[in-house]
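# Results of the structural survey
Listed here are the chains, written in short residue letters.
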Amino acid sequence: KQEVTQIPAALSVPEGENLVLNCSFTDSAIYNLQWFRQDPGKGLTSLLLIQSSQREQTSGRLNASLDKSSGRSTLYIAASQPGDSATYLCARKDAGKSTFGDGTTLTVKP
Amino acid sequence: DAGVTQSPTHLIKTRGQQVTLRCSPKSGHDTVSWYQQALGQGPQFIFQYYEEEERQRGNFPDRFSGHQFPNYSSELNVNALLLGDSALYLCASSPFSIEETQYFGPGTRLLVL
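These remarks concern the structure in this document. These numbers come from a predicted model, not from an experiment.

### Topic: the interface of chain B and chain A
- Each side of the interface is counted separately: chain B has 23 residues, and chain A has 22 residues.
- Viewed at the interface, chain A and chain B are joined by 0 salt bridges.
- The interface formed by chain B and chain A holds 6 residue pairs in polar contact (both at pLDDT 80 or more) in total.
- Secondary structure elements with two or more residues in the side of chain B that touches chain A: strand 4 (31-37), strand 5 (44-50) and strand 9 (87-94) of chain B.
- Of the residues contributing to the side of chain B that touches chain A, the split by class is 8 nonpolar, 12 polar and 3 charged.

Have a look at this one:
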């Protein structure tokens, strides 16, 4: 069974801090890995997609890395802002479907 | 581009009833996937439709069924509703390629009483 685990489940930081969210997965034969943001009661917003042949992707203050050999991905958020408060989900994408972790709920305090 | 749209936004049903949820994919996308998200958990894959056929299915009972129309829009039907079916139902669309990003709709919040 392919599983995705996200640690920690919740994280609270002061504004301005750099932070790392972790995602681990079983079975390194993934096609790609995607990070999403979800605001309370809302749908998912795609942040970054890392193809299996890539090691990282960057968008603005966000950087995501992928290490298939160790079954890990990290999402780095630089200079966090209160508007970054949300739940962050990672998902491994295999043929036809995505398998999600349960997310890390981030709170950035002003 | 309206992105992925879903209707209705909220729905309240009673046990044993049937429900139909609708999804219109992002322009240019031909593949639609449905997910169920219980409170505090990540989305769980229900099934995927491409070329009007169910291509892959997750671990959900036959009470969950779907359909895709020639214009690529899709419906999710759930029969004999249970209290445990209460969740946020998310639709995702993409081109039929493993390389492409999935785009999610805002979801339909279903409450079964």
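### Some points on the pattern of salt bridges
- For the structure shown, the criterion picks out 7 salt bridges over all chains.
- We note a salt bridge from Arg61 of chain A to Asp84 of chain A, for which the minimum N-O separation is 2.8 Å. Taken together, the residues Arg61 of chain A in the loop between strand 6 (56-59) and strand 7 (62-67) and Asp84 of chain A in the loop between strand 8 (72-77) and strand 9 (86-94) connect sequence positions 23 residues apart.
- For Asp84 of chain A, a relative accessible area of 8% corresponds to the buried category.
- A salt bridge links Asp85 of chain B to Arg63 of chain B; its shortest N-O distance comes to 2.9 Å.

### What about the sheet that holds strand 7 (residues 64-68) of chain B?
All names here are of chain B.
- An order of 1-3-8-7 is seen for the 4 strands of this open sheet, with the pairing classed as antiparallel. In the strand order of this sheet, the two ends are held by strand 1 (5-7) and strand 7, each with one partner. In this sheet, adjacent strand axes meet at a mean angle of 20° when their direction is disregarded.
- In terms of strand pairing, strand 1 meets strand 3 (residues 19-24) through 3 bridges, oriented antiparallel. Residue pairing for strand 3: Thr5 is matched across the bridge by Ser24.

Rules used in this analysis
Residues numbered from 1 in each chain as written. Chains lettered and ligands numbered in written order. Predicted model: local features only at pLDDT ≥ 70, side-chain atom pairs only at ≥ 80, totals over all residues. Heavy atoms only, no water. Contact = heavy atoms within 4.5 Å. Salt bridge = Lys/Arg side-chain N within 4 Å of Asp/Glu carboxyl O. Polar contact = N/O pair within 3.5 Å; in protein donor to acceptor, adjacent residues only side chain to side chain. Helix = DSSP H or I, 4+ residues; strand = E, 2+ residues; numbered from the N terminus. Nonpolar A, V, L, I, M, F, W, Y, C, P; charged D, E, K, R; others polar. Buried < 20%, exposed > 50% of the residue type's maximum accessible area, 1.4 Å probe, protein only. Pairing = 2+ DSSP bridges. Axes fitted to C-alpha atoms, helices over the stretch in contact; angles between N-to-C directions.

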